[in-house]
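A structural walkthrough
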Amino acid sequence: MPSPELASVDGVITPTPEARIPPGDDGLLRGDGVFEVIRLYQGRPFALVEHLDRMERSADAIELPIERAPLEAEIAAILAEYGKHEGQMRLVVTRGGRRLIFTENLPPLGGEVALATVRYSPTIILTGVKSLSYAANMQATRIAKAKGADEALLVRPDGIVLEAPTSTIFWVSPEGGLRTPSIGSGILESITRAKIVRELHVEEGEYPIEDLRGAREAFLASTVREAQPVSALDGRALPEVPGPRTQEVIEAFAGVLASELDPAPPAADPAEERS
Ligand SMILES: Cc1ncc(COP(=O)(O)O)c(C=O)c1O
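For clarity, every value in this text was computed on a predicted model and none was experimentally measured. (Residues numbered from 1 in each chain as written. Predicted model: local features only at pLDDT ≥ 70, side-chain atom pairs only at ≥ 80, totals over all residues. Heavy atoms only, no water.)

Attention shifts here to the sheet that holds strand E4 (residues 44-45). Read from one edge to the other, the open sheet built from 6 strands follows the order E2-E1-E6-E5-E3-E4, with strand pairing classed as antiparallel. The open sheet terminates on both sides in strands that have one partner only, identified here as strand E2 (12-15) and E4. In this sheet, E2 lies alongside strand E1 (residues 6-9) in antiparallel orientation, the contact comprising 4 bridges. Across the sheet, Val9 pairs through a bridge with Val12, a residue of E2. Across the sheet, helix H3 (residues 68-82) is in contact with E1, E2, strand E3 (33-41), E4, strand E5 (87-94) and strand E6 (99-104); its angle to E6 comes to roughly 25°. (Pairing = 2+ DSSP bridges. Helix = DSSP H or I, 4+ residues; strand = E, 2+ residues; numbered from the N terminus. Contact = heavy atoms within 4.5 Å. Axes fitted to C-alpha atoms, helices over the stretch in contact; angles between N-to-C directions.)

Take a look at the structure:
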């Protein structure tokens, strides 16, 4: 069942198609701003504090002032209106000073994902920053789709594995160890990645793409995907989809969700009452 698509612009909540922001905002004109995407489980946000903390770090990196208190109040208001649905919540703060919050349906992702490598050079200034300038990430996905895959795997020009455009990559070494690129390779500090690294022993480093090509199993991790098995890399099928270590991560993440999901929003569900 689709969930309500609502937008809050500086605290004014409307259905998303009716929301308006001034077109002169540099958030739109130059991709100058920051964002976060938070998973909603039956209307309950997962890891909201971590996402707000990361948004503040991103904003600091591009010298964008953020007011956290009104943002938190507006999140509570839109979630109260949204009700108990499965979906995601997008937070945006623009250079023009707008605070935007959207509730969105989850993208259709399928059970597994085929990857194609795409050469990508971290930008240095924006590396690790969840800025609105995501056109390169979106283009990488289109390049991968043109090659017949579902998603891109970004690889540095020197052959070091980075991440997918909106998720982290993990794989299993021939010895059975879980591996993922280190943050210092030039990737985003993924919140899902941090939870997995906290729960299980994970080797972190700068790994050449050949290391991943020899893996028996791999998966992508993100807020929206959780842990999603990789079925193929550059047309070569992976032997185990999902493999035992991926299964172990899926179960560990389910445990994290069960213990850490933020408290339920208020019992009243105005979105249901209205319909
Ligand atoms: C570039 C990039 N890497 C990784 C991730 C996964 O991060 P998280 O687990 O915090 O969703 C994202 C999420 O949007 C991303 O944009």
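With that out of the way, let us pick up the packing of helix H5 (residues 191-199) against helix H7 (residues 244-260). Packing of H5 against H7 leaves a shortest axis separation of 10 Å and a crossing angle of 105°. By the angle between their directions, the pair H5 and H7 is classed as roughly perpendicular. Contact with H5, carried on its side by Thr192, Lys195, Ile196, Arg198 and Glu199, involves Val249, Phe253, Val256 and Glu260 of H7 and no other residues of that element. Counted by class, the contact of H5 with H7 contains 4 nonpolar, 1 polar and 4 charged residues. (Parallel < 35°, antiparallel > 145°, perpendicular 65-115°, else oblique. Nonpolar A, V, L, I, M, F, W, Y, C, P; charged D, E, K, R; others polar.)

Relative to the 24 Å expected for 17 residues at 1.5 Å per residue, H7 spans 24 Å between its end C-alpha atoms, a close match to the ideal helical length. Those residues of H7 hidden inside the fold are in contact with E3, strand E10 (178-181), H5, strand E12 (218-222) and strand E13 (226-233). (Expected span 1.5 Å × (residues − 1).)

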